Each structure stands twice: as structure tokens, then as C-alpha cells.
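# Chain and residue survey
Here's the letter readout for the chains.
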Amino acid sequence: IPPVKPVIAPPVLRVLPVPVSEAPMPVVSFDTHEEALDRLFAAMAICEGGGRNNAVGDQGRSLGLYQIGRAYFADACQFDHSLRRYSYSQVTDPAIARRVVMAYWGRYCPRALADVDAEQLYRTHNGGRLGPYEKATLKAWYRVQAVLNR
């Protein structure tokens, strides 16, 4: 079953159900596309890295505010060649980390990025290109959603 998308003029931060999610999701609107992305990144930073630039997780396999792993970084670099000038350890810099996440989303969910579909974006970040269809990403998404809805 494809996701249900309400008819809303962009830009909107959309919190929508996906095939494995049966719980109703509210639509959260913001003034601009950039503001919607800023809010999503802020929620991700709280939920992923506890708001710490130098956070280390997954037994040392993920770094920074957004808990970026080496494979994720490599994927983003393949999509956006300008990221190749950075080393993986530099994902602890919030500006670089944000560029890495944006490139990853540009590669794997460009439509969700254009629409600022928060659920699709976060679940792709959390679970890879098939993350939006994996039940394993729901619990983490609900934490991010709760922060967004504060």
C-alpha cells in the first residue's frame, strides 16, 4: 500500500504513514522548506547524538549529532563528490554532518527531500534506503516524531 499523502501546498514538514505503519500520523506544517529541514535536523540531533557533536555510538561505529557510520558517509560521498575532501572523522562537525545527510537523502529519497517528508527522511537515515519499509525503524521514528510535535 503506497503512503497516503494529503493535498497540502509545499513547503510542509510531513509526518505521514508508510506501509508498515498503521498509527495515524499528524501533519506538522512550517513556514519554509528550510525551516522544516532545520526542525527535522534539530530533532534528529537530540534523538541520535543527544545534542553532542562528538557523540560516539554503535560501539564506536557511528559519530556525531546524527550518528553517521562509515558506509553512510561513503554513500553520501559517492552521490556528492564535493564531500570527498572530508574525512569520515569530520562528521563530528555539524555543518559537514548536515551536508552528508542531505547528500544521502538526495541519493536515496529525493522526492521525500523535496517534500520534506519527515518520516521518510528520518527512516531512510536510520535504516538505509529501505528504512521507510522496515518495522525496525519505527521506534526511532516515534522518538523523533515526539520531538517534532513538542
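Up top is the structure.
Below: a short report on this structure. Values in this document were obtained by computation on a predicted structure and should not be read as measured data.

## A short note on the packing of aromatic side chains
In this structure the tally under the stated criterion is six aromatic pairs. On the numbers, 5.2 Å between centres and 65° between planes, the contact of F41 with Y66 is edge-to-face. Here the residue F41 occupies a position in helix α1 (residues 33–49), and Y66 occupies one in the loop between β2 (62–63) and β3 (68–69), the gap between them amounting to 25 residues. Judged by its relative accessible area of 2%, F41 falls in the buried class. On the accessibility criterion, Y66 (5% relative accessible area) is buried. Here F41 and W105 contribute two aromatic rings whose centre-to-centre distance is 5.3 Å and whose plane-to-plane angle is 40°, an arrangement assigned as tilted.

## Describing helix α3 (residues 94–108)
Because an α-helix completes one turn every 3.6 residues, residues spaced three or four positions apart along the sequence face the same direction. The terminal C-alpha atoms of α3 lie 21 Å apart, and with 15 residues this matches the ideal 21 Å at 1.5 Å per residue to within 8%. Summarising the contacts, the buried residues of α3 are in contact with α1, β3, α2 (70–79), α4 (110–115) and α5 (118–127). The distance from a side-chain oxygen at the start of α3 to the backbone nitrogen of A95 is 2.8 Å, and the residue carrying that oxygen is D93.

## Focus: α1
In this model α1 runs 24 Å from its N-terminal to its C-terminal C-alpha over 17 residues, within 8% of the 24 Å that 1.5 Å per residue would give. Buried residues of α1: A36, L37, L40, F41, A43, M44, A45 and G49, and no others. Elements that come into contact with the buried residues of α1 comprise α3, α4, α5 and α6 (138–148). Immediately beyond the C-terminal end of α1, within one or two residues, lies G50, with a positive phi of roughly 60°.

## Some words on the pattern of salt bridges
Per the counting criterion, the structure on display carries six salt bridges. Linking R107 and D75 is a salt bridge whose minimum nitrogen-to-oxygen distance equals 3.6 Å. Of the two residues, R107 is situated in helix α3 and D75 in helix α2; the sequence distance between them amounts to 32 residues. Its salt-bridge partner being R99, residue D80 comes within 3.8 Å of it at the nearest N-O pair.

## Considering the sheet that holds strand β1 (residues 56–57)
Strands sit in the order β1-β2-β3 across an open sheet of three strands; the sheet is antiparallel. Strands at the two margins of the open sheet, each flanked by one partner only, are β1 and β3. In this structure, β2 lies alongside β3, joined through two bridges in antiparallel fashion. Bridging across to β3, S62 finds its partner in G69.

## Observations regarding unusual backbone geometry
Negative phi characterises most residues that are not glycine, and trans characterises most peptide bonds. At D58, a position not held by glycine, the phi torsion is positive, near 50°. Checked against the element boundaries, D58 lands in the loop between β1 and β2. The exposure class assigned to D58 is partly exposed, which follows from its relative accessible area of 43%. Even without being a glycine, V116 presents a positive backbone phi close to 50°. Within the fold, V116 resides in the loop between α4 and α5. Using a relative accessible area of 0% as the deciding quantity, one classes V116 as buried.

Each value, and the rule that gives it
- Residues numbered from 1 in each chain as written.
- Predicted model: local features only at pLDDT ≥ 70, side-chain atom pairs only at ≥ 80, totals over all residues.
- Heavy atoms only, no water.
- Phe/Tyr/Trp six-rings, centres within 6.5 Å; stacked < 30°, edge-to-face > 60°.
- Helix = DSSP H or I, 4+ residues; strand = E, 2+ residues; numbered from the N terminus.
- Buried < 20%, exposed > 50% of the residue type's maximum accessible area, 1.4 Å probe, protein only.
- Expected span 1.5 Å × (residues − 1).
- Contact = heavy atoms within 4.5 Å.
- Polar contact = N/O pair within 3.5 Å; in protein donor to acceptor, adjacent residues only side chain to side chain.
- Salt bridge = Lys/Arg side-chain N within 4 Å of Asp/Glu carboxyl O.
- Pairing = 2+ DSSP bridges.

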